[in-house]
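Okay, here's what each chain looks like letter by letter:
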Amino acid sequence: MITRNKRHWPTSTLRTNTRFNARRSGILSSLLFAGASLSLSALDLVYQDDFDGDGVELNLGTGAGMEVVFSGTSGNWTDNNENLEFIATTSGGSRAGIATTGQFDLSQGFRLEVTYNVASLTVVKETGHTTLSNRVNFGLVDELIKNEEDETTTRDVFGVSPSNHYGLGFNLTDSASSPTATSPPVGLNFIGGDGIVVPISNGQPFTVGVHTLVLEADMEGNWSYSIDGAEATAGNFSEAGVTFDLTRDYHFYAYGQNDESAFQIVSLTVEATQSETELELEIARSANGSELDFAWSNSTGTFYDLLSTTDLGLALEAWTPVAKGLSADGSGINTFTTALPADPKTFYVVQETEPLFYASFENDNGGFTAINNSTESIWEHGLPSGGGIGGSVTSGNGGSAGAWGTALTSYYSVGTDTFLRSPVIDLTNVTAASLSFAEAADFLPADTAEVYLIDDETDALIESTPIYISTDTRLTNASWTMVEPISLPASAYGQAVRLEFRFVGTNPGNFLGWYIDDVLVAED
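These notes cover the structure that comes with them. (Residues numbered from 1 in each chain as written. Predicted model: local features only at pLDDT ≥ 70, side-chain atom pairs only at ≥ 80, totals over all residues. Heavy atoms only, no water.)

### What about the overall build of the protein?
We apply this condition: Helical segments are the DSSP runs of H or I of at least four residues, strand segments are the runs of E of at least two, and each set is numbered from the N terminus. The buried label goes to any residue with under 20% of its type's maximum accessible area, the exposed label to any with over 50%, and the partly exposed label to all in between, with areas taken from a 1.4 Å probe on protein chains only. Contacts were defined at the residue level, with two residues in contact if any of their heavy atoms lie within 4.5 Å. Residue burial considers only the protein chains on display, and all accessible areas are found by Shrake-Rupley using a 1.4 Å probe.
The number of helices and strands found in the protein is zero helices and 38 strands. Within the protein, buried positions represent 52% of all 524 residues. Put simply, of all contacts in the protein between residues at least 6 apart along the chain, 70% involve residues at least 24 apart. Total accessible area on the protein stands at roughly 22300 Å², and carbon and sulfur atoms take up 48% of it.

### So, the pattern of salt bridges
Heads up, the rule is: Every case where a carboxyl oxygen of Asp or Glu lies within 4 Å of a side-chain nitrogen of Lys or Arg is listed as a salt bridge.
The tally for this structure, following the rule as stated, stands at eight salt bridges. The partner of Arg248 in a salt bridge is Asp245, with the nearest N and O atoms 3.4 Å apart. Residue classification places Arg248 among the partly exposed positions, given a relative accessible area of 30%. On the accessibility criterion, Asp245 (25% relative accessible area) is partly exposed. Linked by salt bridges that have partners in common, Arg421, Asp459, Glu500 and Arg502 make up one network.

### Quick look at the nonpolar core
In plain terms, the rule: Definition of nonpolar core: a set of buried residues of the types Ala, Val, Leu, Ile, Met, Phe, Trp, Tyr and Cys, connected through side-chain atoms within 4.5 Å.
Grouped together as the largest cluster of nonpolar side chains are 48 residues, with contacts concentrated most on Phe110, Tyr116, Phe252 and Phe263. The residues contacting Phe263, other than those within four sequence positions of it, are Trp77, Leu84, Glu85, Phe86, Tyr116, Asn117, Val118, Val136, Phe138, Leu172 and Asn258. Core analysis: the second largest hydrophobic core is formed by 37 residues, Tyr412, Val451, Tyr468 and Trp514 among them.

### A look at the layout of surface pockets
Quick reminder of the rule: Definitions used for this entry: grid spacing 1 Å over protein atoms alone; cavity, a set of points where a 1.4 Å probe fits but cannot get out; pocket, an open set with protein on both sides within 12 Å along at least 5 of 7 lines; lining residue, one with an atom within 4 Å of a point. Grid points are joined across faces, edges and corners, and a volume is the space filled by probe spheres set on the points. Gly is placed with the polar residues, together with every amino acid not listed as nonpolar (Ala, Val, Leu, Ile, Met, Phe, Trp, Tyr, Cys and Pro) or charged (Asp, Glu, Lys and Arg).
Volume-wise, the largest pocket comes out at about 880 Å³. Elements that contribute at least two residues to the lining of the largest pocket include exactly strand S22 (320-327), strand S23 (333-339), strand S36 (481-487) and strand S38 (513-523). Looking at the lining of the largest pocket, its residues break down into twelve nonpolar, 16 polar and six charged.

### What to know about the environment of Thr409
Topologically, Thr409 is positioned in the loop between strand S30 (403-405) and strand S31 (416-421). Residues Thr409 and Gly386 lie 23 residues apart in sequence; the distance between their C-alpha atoms is 4.7 Å.

### So, the packing of aromatic side chains
Spelled out, the test is: Pairs were defined over the aromatic rings of Phe, Tyr and Trp, the Trp ring being its six-membered one, requiring ring centres within 6.5 Å. Orientation was assigned from the angle between planes: stacked under 30 degrees, edge-to-face over 60, tilted for the rest.
Within the structure shown, the criterion is met by 29 aromatic pairs. On the basis of an interplanar angle of 55° and a centroid distance of 5.9 Å, the ring pair of Tyr47 and Phe104 is categorised as tilted. With a gap of 57 residues between them, Tyr47 in strand S4 (residues 37-49) and Phe104 in strand S9 (residues 103-105) connect regions that are remote in the sequence. The class for Phe104 is buried, based on a relative accessible area of 0%.

### Overview of the pairing of strand S16 (residues 222-227)
The cut-off we apply is this: At least two bridges found by DSSP between two strands is the condition for calling them paired.
Taken across its six residues, S16 has five buried, putting it largely inside the fold. Linking strand S15 (residues 209-218) to S16, which pair antiparallel, is a turn of three residues; within it Gly221 sits at a positive phi near 90°. Sheet analysis places S16 next to strand S17 (residues 233-236), joined by four bridges and oriented antiparallel. If you follow Ser224 over to S17, its bridge partner there is Ala234. The antiparallel hairpin formed by S16 and S17 contains five residues in its connecting segment, where Asp228 sits at a positive phi of about 55°.

### Brief notes about the pairing of strand S37 (residues 496-505)
Relative to S37, S31 runs antiparallel, the two being bridged by six bridges. Bridged to Thr416 within S37 is Gly505. Note that strand S32 (residues 425-426) and S37 share two bridges and pair antiparallel. By the bridge assignment, Asp426 is partnered in S37 with Ala496. As defined by bridge partners, strand S34 (residues 448-455) adjoins S37 across eight bridges and the pair is classed as antiparallel. Each residue of the ladder has a partner; that of Asp455, found in S37, is Val497.

The structure is reproduced here in C-alpha cells:
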C-alpha cells in the first residue's frame, strides 16, 4: 500500500544551497532573496506518529500503523503511551525490527524526522560470541525481505545484516572494532541490495539521550542531515559512488538489539517532496533613478509580502514591511515599485502569505450578504455591464467575471440605501491587520460610500466612524482602482468582526453607483 496524505506548505529556512524546504509554521511558505533563483518545494505529510498510546498497529496520526517484522530471543517493540520502545528481556540476544505497514512514494524527494531516546551506545562483545550486545539503527527500506535460510524477516539492515535490502538509514553503533563494508561505521549508510553497506557520512556524533534527527534528499542526489538543529552535514550521493533510487516505494524501519530497554522512538514524521517551481526575484533601479522596480513569478490565487532589512542577523519577523498582501497578477508576474532605500546596503525578501480573509467573487459571492434599507437599488453580485455619463463598468477588477455593485446593469435609484456585509473575519489572535480592495466609483458628491466594522454577533458598529470613505473625483471615468491598505482600528482586535460596505445614493439618473472586488484582510 502506498501512503499519500495531506499537503502542507513549510516554513522556510535558508540553506547554503539556497533551497527552501522545511516544516510549515504560520503563514510563510517561500522566501526569495534579491537576484536569487530558488526552488520552492511543497511537502506532503505521509506519516506522522507521536506514539501516544494508540498501539503499534493503529496510528491515529497520519498514515497506517506499524508492525513488528522481526523478533528474536524475546525482543519486541511496544507503544508505551509516550513513545515506541524497544523491549529487551535477555542479555545480548534480544532483538527486534519494526516497520511501517504502508510504503511511501518519495519519488521527488523526502524529509524524515525522528526524535529518539537512546540510553546506551556502548559496544560490548559477548563472551564466546562475535556479535555485539548493543545495536541501534533506523531508516528507509524498499522491501522487507525474508532470510532464505530461516524465513525470518528484515534484521540489522544498516548494521551487520544488509542482506539484499535497498535503502538509506543511520547506524548509531559501531558494528566492529575495525569497520568493514559489511560491518559499517556509525553514521548515514546506503545499502544497495547487494549485501554491501556503503558509508555516506559520519559528520555528526550520536550520543545518549533524547535527540531529533532530520534527513532530507532530493531528485538531484543531494542529501543533508542534522541532529538537534545543528548546521547540516550535506553532500551528494555521487561523492560516495552510489545513486539513491527515489522511484522505489519505502517503509520506515527500525532495529534494536541490546541488554536493556535502551532505545525508544519518541516521534516519527515522513514527508514527501512535491512539485518544485523555479522562482526568481528581480530588482532593478527605475529609469528615473529614484525608485526600485521589483518583479517575481507568482502562482494564481496567492498573495505576497515584500519586506526589507539592513541587518541579515534579524529574524524575519523583525523585517520591515514594504508592501503587504499583494495579490497574484493574472500575467503570472508580479511587479512593484518603491522609493530607493536610505541605506544602500538594504536586503529584500518576498514571502508568500496566507491572508486572514480574501474574496475574489469569481466563482461565487464570497459569502457576502446584501441588506436593503429602502425599496430602491440593492447590492448585487455578478458581471457588471453598465455605462453612463460618468463612465462604464463592464467587468470585475482586472477584467474578472465577478464583483459586487449597487446596480450591475443599470443606474442606482434615488433613495438607494443598501449595506453589504462580509462573512465573519476572525481577529481573535490578531494585533494588527489591514483591509484592501478594488473599487469602481460612479456617483454624486452628495452620495455616501463608506466602510465600517461591525460586531459579529450584535451587528453593532465597532467604531462610530467609517474606516474608509470613497469619493468619485473622476467625472467621466469609472475604471477599477486599488484602495491602499487601510489599518484596522485597535478596537477591532481580539474578536470576530464583519465588514459592512454602506452606500446611500441621491442619483437623479445616469450614474452607476459603487462596485467592489478582491476584498482582502491581511495581518500586518
